[in-house]
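Commentary on secondary and tertiary structure
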Amino acid sequence: LQSKTGLDNVTVELFTPEYGFHTHAYAIKQSAAQVLLDHLPVVGPVDVWLADNDWFGLRVYCAKVKNDGYKNMGANLICQNRVDESSVPQSGRG
């Protein structure tokens, strides 16, 4: 793993989110996938939908690069490319 500053072997820190803005990737178990499927359709951005519904009772963790980013508070582990065309449309309210 390499941070934005180019350092190798960064430390990834897990934490329990209080809310879910700007989550760009998910790793879920099959049982969690079924819980989410049972609550379709998604209304609005996925991260907001999950947080507004208290993650449907699932155990949720976020990851960040420890001691990196703004004021060393942690940097995103994964970023969304908003410049290049994507085959996955950005979700939004509306």
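Summary of the structure given here.

**Re the sheet that holds strand β3 (residues 75-76)**
Reading across from one edge, β1-β2-β3 is the order of the three strands in this open sheet, with antiparallel pairing throughout. Unpaired on one side and paired on the other, β1 (12-15) and β3 mark the two borders of the sheet. Pairing geometry for β1 and strand β2 (residues 62-65), over four bridges, is antiparallel. Paired with Phe15 across the bridge in β2 is Cys62.

**Some thoughts on the pairing of β2**
Sheet topology places β2 next to β3; two bridges connect them, and they run antiparallel. Residue Val65 lies in a different strand from β3, and its bridge partner there is Ala75.

**Overview of the layout of surface pockets**
Roughly 1100 Å³ of internal volume is contained in the largest pocket. As for the largest pocket, its lining consists of 39 residues, and the residues nearest its centre are Ala25, Tyr26, Val60, Tyr61 and Cys62. Of all elements in the fold, only β1, α1 (30-38), α2 (46-52), β2 and β3 reach the threshold of two or more residues within the lining of the largest pocket. Residue classes in the lining of the largest pocket are distributed as 28 nonpolar, seven polar and four charged.

**Description of the environment of Val65**
Here Val65 shows up in strand β2. For Val65 and Val10, which are 55 residues apart along the polypeptide, the C-alpha to C-alpha distance reads 6.7 Å.

**Considering the pattern of salt bridges**
On inspection of all chains with the given rule, the structure shows one salt bridge. The shortest N-O distance in the salt bridge between Lys64 and Glu13 comes to 4.0 Å. Of this pair, Lys64 sits in strand β2 while Glu13 sits in strand β1, and the two are 51 residues apart along the sequence. On the basis of relative accessibility, which here comes to 22%, the residue Lys64 falls in the partly exposed class.

Quick notes on the rules
- Residues numbered from 1 in each chain as written.
- Predicted model: local features only at pLDDT ≥ 70, side-chain atom pairs only at ≥ 80, totals over all residues.
- Heavy atoms only, no water.
- Pairing = 2+ DSSP bridges.
- Helix = DSSP H or I, 4+ residues; strand = E, 2+ residues; numbered from the N terminus.
- 1 Å grid on protein atoms, 1.4 Å probe; cavity = no way out; pocket = protein on both sides within 12 Å on 5 of 7 lines; lining within 4 Å.
- Points joined across faces, edges and corners; volume = space filled by probe spheres on them.
- Nonpolar A, V, L, I, M, F, W, Y, C, P; charged D, E, K, R; others polar.
- Salt bridge = Lys/Arg side-chain N within 4 Å of Asp/Glu carboxyl O.
- Buried < 20%, exposed > 50% of the residue type's maximum accessible area, 1.4 Å probe, protein only.

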